[in-house]
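Residue-level structure breakdown
Listed here are the chains, written in short residue letters.
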Amino acid sequence: MRLLLLEGAQSIGGTKIYLEEGRAGILLDFGINYGRWGLYFEEYLKPRPGRGLYDLWALGLIPKVEGLYRCDLMPHDFAPSFEHTLDIHGVFISHAHLDHCGLVGLIREDCPIYASAVGAAIMKAMQDSGKMDFYGELAYCNPRATKPDDARAVESQSHLPYRGRPLRSVLGGTPEAFRQFWQTPPNPKALSTPSSRVKKLEAPCPEPAPEHIEGLRFRAFPVDHSIPGAVAYLFHTGEGPVVYTGDLRLHGRHGDQTRRFAETVAKEKPYLLIVEGTRLGRETSENITEEHVRQNALKIVKNSSGKLVIADFGPRHIERLETFLAIAKETQRQLLVFTKDAYLLEAITCADPTLNLLGHPNVGIFDELRLSPRGWEEAFRERYKNLLVRAEDVRADPGRYILAFSFYDMNDLLDIHPYGGVYIYSSSEAYGEDLRVDLWRLWNWLKFYKMSVHGFCWKGADERGTPQFSGGLHASGHISETDLLWLIKEIRPRYLLPVHTEHREWFVRALSGEPIKVVLTPDGEWFSGA
Ligand SMILES: [Zn+2]
């Protein structure tokens, strides 16, 4: 067994690990390292699509690996020198957060993706409804070619169909609806789309994952995280089992899955455990659970009768959405989500029919202003026209609704007049300068609307101030320090490799005296147990 930690040793996110056993070579996750990305890029300064891989390569934001990337993203003037030549037979995705899967779009389109059906459905829904950055072509590629008259530039080939990635579903099923969804282009023929404008998608049918990849046997385990479809993996190597946790926690609604994963892999006596440590150093003494969030938010909504309530949480945070749906039911309100979020919910149901949130009696879709809806959107709105609720309906009877809105939706509120309403900030505490500035603007919007705000406030008279968060309205997606120690001692590996953390030294300290050797492999180096 050989293991190369391409990236993610000391950063929250951007995990990229290469594992080799015999003939088999695989990647574990291939996400965006937002910390390093943010050193150079922001929303309006991004890698140039016309230069393909070049910008990311030149800035050192992707590993210099031969045999990994799409050839159509390499402009002809680009003569890369590689640090590694690796034979990669599959990319194993732990879950659909972009810091774990956000650069899959750069990988050779014939390289199979191993993921849960729910995780894959989320990846495709994000691509269908998103901004279509070339590195975000997670489920299917838009083929490009170097321009005949300019060796620097790659351009998309509009006459060629999208090429879907081969998908191996790791937690068993590939329901019929999911297979269809995976093979449906993002612009299915809608009422107003001339058929000449419909670009085809040629995608191989998703298959259940085999038991081994080039002789490397593996198992996948569902684990609890803040996005559905999260998976941890175990690989049987010559040295013994190698376990990768992805992101997980014990205190969520499905914490029993994480517990079962730990107990099951412990029986295999793992050689190496690759484990996340996101919350180390960010620890607050209390470990808020989703049930605490439900109780605290319910109290606020009950005390706001007749007023509009806005719940601000990440659009892919399905567990939080379930929490607010339960609150909507109990307070006889309707929870309104945006079309894009509703599209994601439909995709999840395709992959797991038991997760049918659009079928919930208290859900509705906010009918946002659209001058020219895109293909996926037009067809979707047609399918769910009974669920659409317009701004004037909300304005007429604000006490009947909870809006799942956040900062970027503040201007839609200008049509609703939410004056005197209630805002519940139910998202993670913001880190970094960009998010601080966003919260300052959000604060100004909320003051403009004279809303009473729960979950955060602005300390300071102007934009030089800082946001202050008050607890109880958000539960972390990541395992707490105490639970992490339990997990490691339960699994009891011979070696432990921390990733996805800014505090690797915690592992050395916390495990001193234990028969577990912590190995601090740096980015770009091979793991060595010796
Ligand atoms: Zn995550």
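Please read these numbers as outputs of a predicted model, since none were measured by experiment. (Residues numbered from 1 in each chain as written. Predicted model: local features only at pLDDT ≥ 70, side-chain atom pairs only at ≥ 80, totals over all residues. Heavy atoms only, no water.)

Of the regular secondary structure elements, the protein holds 14 helices and 31 strands. Its C-alpha atoms give the protein principal-axis dimensions of roughly 65 × 65 × 45 Å. Taking contacts inside the protein between residues at least 6 apart in sequence as the whole, the part at least 24 apart equals 70%. In the structure as shown, the protein presents an accessible area of about 22,400 Å², 49% of it carried by carbon and sulfur atoms. One finds the centroid of the 62 positive side-chain charges in the protein at a distance of 2 Å from the centroid of its 69 negative side-chain charges. (Helix = DSSP H or I, 4+ residues; strand = E, 2+ residues; numbered from the N terminus. Contact = heavy atoms within 4.5 Å. Areas by Shrake-Rupley, 256 points an atom, 1.4 Å probe, with all protein chains shown as cover. Lys, Arg positive; Asp, Glu negative; His and termini not counted. Charge placed at Lys NZ, Arg CZ, Asp CG, Glu CD.)

Turning next to the coordination of the zinc ion. Within the protein, the zinc ion binds to H95 (NE2), H97 (ND1), H225 (NE2) and D247 (OD); these donor distances fall in the range 2.2 to 2.4 Å. Seen from the zinc ion, its 4 donor atoms lie at angles of 89 to 174°, and the figure they make is irregular. In primary sequence terms, the donor set of the zinc ion follows H-x1-H-x127-H-x21-D. Highlighted residues: H97 in the loop between β6 (90–92) and α3 (98–101) and H225 in the loop between β16 (216–222) and β17 (231–237), separated in sequence by 128 residues. (Donors = N, O, S within 2.8 Å, 3.2 Å for Na, K, Ca; no water. Tetrahedral: all angles 85-135°; square planar, octahedral: opposite > 155°, others 65-115°.)

In this section: helix α8 (residues 318–330). For α8, spanning 13 residues, the distance from its first C-alpha to its last is 18 Å, which sits close to the expected 18 Å at 1.5 Å a residue. For α8, the full list of buried residues reads I318, E319, R320, L321, T323, F324, L325, I327 and A328. Of the residues trailing α8, Q332 is marked for its positive phi of about 55°. (Expected span 1.5 Å × (residues − 1). Buried < 20%, exposed > 50% of the residue type's maximum accessible area, 1.4 Å probe, protein only.)

Judged by pairing direction, the sheet is mixed, and its 7 strands sit side by side in the order β15-β16-β17-β18-β19-β29-β30 without closing on themselves. Pairing within the sheet leaves two strands with one partner each, and these edge strands are β15 (212–213) and β30 (517–518). This element, helix α6 (residues 255–266), spans β16, β17 and β18 (240–244) of the sheet and lies at about 150° to β16. In this fold helix α13 (residues 481–491) packs onto β19 (272–276) and β29 (495–499), with an angle of close to 170° to the strand it touches most, β19. (Pairing = 2+ DSSP bridges. Axes fitted to C-alpha atoms, helices over the stretch in contact; angles between N-to-C directions.)

Attention now moves to the pattern of salt bridges. Per the stated rule, a full pass over the model turns up 35 salt bridges. Residue D72 pairs with R70 through a salt bridge whose shortest N-O separation is 3.0 Å. By relative accessible area, which is 0% here, R70 ends up buried. Where D256 meets R260, a salt bridge forms, and the shortest distance between an N and an O atom there is 2.8 Å. On the criterion of helical spacing, the pair formed by D256 and R260 is a turn pair, its members being 4 residues apart in helix α6. Taking relative accessible area as the criterion, D256 reaches 36% and is therefore assigned partly exposed. Taken together, the salt bridges that share partners define one network made up of R70, D72, E137 and R144. (Salt bridge = Lys/Arg side-chain N within 4 Å of Asp/Glu carboxyl O.)

What follows concerns the side chain of R504. For R504, the location among the structural elements is in the loop between β29 and α14 (505–510). The charged side chain of R504 is buried without a salt bridge, its nearest counter-charge being D523 at 6.7 Å. Leaving out residues up to four positions away in the same chain, R504 has contacts with A9, Q10, P498, L520, T521 and P522.

Below, the discussion takes up the environment of Q257. Structurally, the position occupied by Q257 is in helix α6. Considered as a pair, Q257 and H225 are 32 residues apart in the sequence and their alpha carbons are 10.0 Å apart. Beyond its immediate sequence surroundings of up to four residues, Q257 is in contact with P222, V223 and D224.

Turning next to the nonpolar core. Grouped together as the largest cluster of nonpolar side chains are 90 residues, with contacts concentrated most on L27, Y69, L106 and F178. Counting contributing residues per domain, this core is built from domain 1 (23–214) and domain 2 (290–371 + 380–469), each supplying no fewer than three. Here L106 is in contact with L53, L56, I62, L68, Y69, R70, L73, F134, Y135 and R165, once residues within four sequence places are set aside. If you look at the next biggest cluster of nonpolar residues, it comprises 28 residues, including A24, Y233, Y271 and L272. (Core = buried A, V, L, I, M, F, W, Y, C linked by side-chain atoms within 4.5 Å. Domains from an automatic or database assignment.)

What follows is about the domain arrangement of the protein. For the protein, the domain assignment lists domain 1 (23–214) and domain 2 (290–371 + 380–469). Of note, the centres of domain 1 and domain 2, computed from C-alpha atoms alone, are 31 Å apart. Each side of the interface is counted separately: domain 1 has 15 residues, and domain 2 has 11 residues. Carbon and sulfur atoms make up 75% of the area that domain 1 and domain 2 hide from each other, which totals about 1,200 Å². When the area that domain 1 buries against domain 2 is broken down by residue, the three leading residues are V118, I122 and S129, summing to 31%. Linking domain 1 with domain 2 are 0 salt bridges, by the criterion used here. (Buried area = accessible area lost by both parts, 1.4 Å probe.)

Let us look at the pairing of strand β1 (residues 2–7). Burial runs high along β1: 5 of the 6 residues are buried. Two strands pair when backbone bridges link them, and β1 and strand β2 (residues 16–21) are joined in this way by 5 bridges, in the antiparallel orientation. Within β2, the position partnered with L5 by the bridge is I17. Summarising the sheet, β1 and strand β31 (residues 525–526) pair through 2 bridges and their orientation is antiparallel. By the bridge assignment, L5 is partnered in β31 with E525.

Summed over the entire model, instances satisfying the criterion amount to 40 aromatic pairs. When the ring of W57 is compared with that of F82, the centres are 5.6 Å apart and the planes differ by 90°; the resulting orientation is edge-to-face. Residue W57 is found in helix α2 (residues 54–58), and its partner F82 is found in the loop between β4 (65–66) and β5 (84–85); the two are separated by 25 residues along the sequence. Residue classification places W57 among the buried residues on the basis of a relative accessible area of 6%. For F82, a relative accessible area of 31% gives the class partly exposed. On the numbers, 5.2 Å between centres and 45° between planes, the contact of W440 with W458 is tilted. Taken as a pair, W440 in helix α12 (residues 433–448) and W458 in strand β27 (residues 456–459) lie far apart in primary sequence, 18 residues in all. Through successive ring pairs, a cluster of aromatic residues spans F30, Y54, W57, Y69, F78 and F82. Cation over ring: K16 sits above F30, and NZ or CZ is 5.7 Å from the ring centre. Taking NZ or CZ as reference, R51 lies 4.4 Å from the ring centre of Y54, over its face. (Phe/Tyr/Trp six-rings, centres within 6.5 Å; stacked < 30°, edge-to-face > 60°. Lys NZ or Arg CZ within 6 Å of the ring centre and 35° of its normal.)

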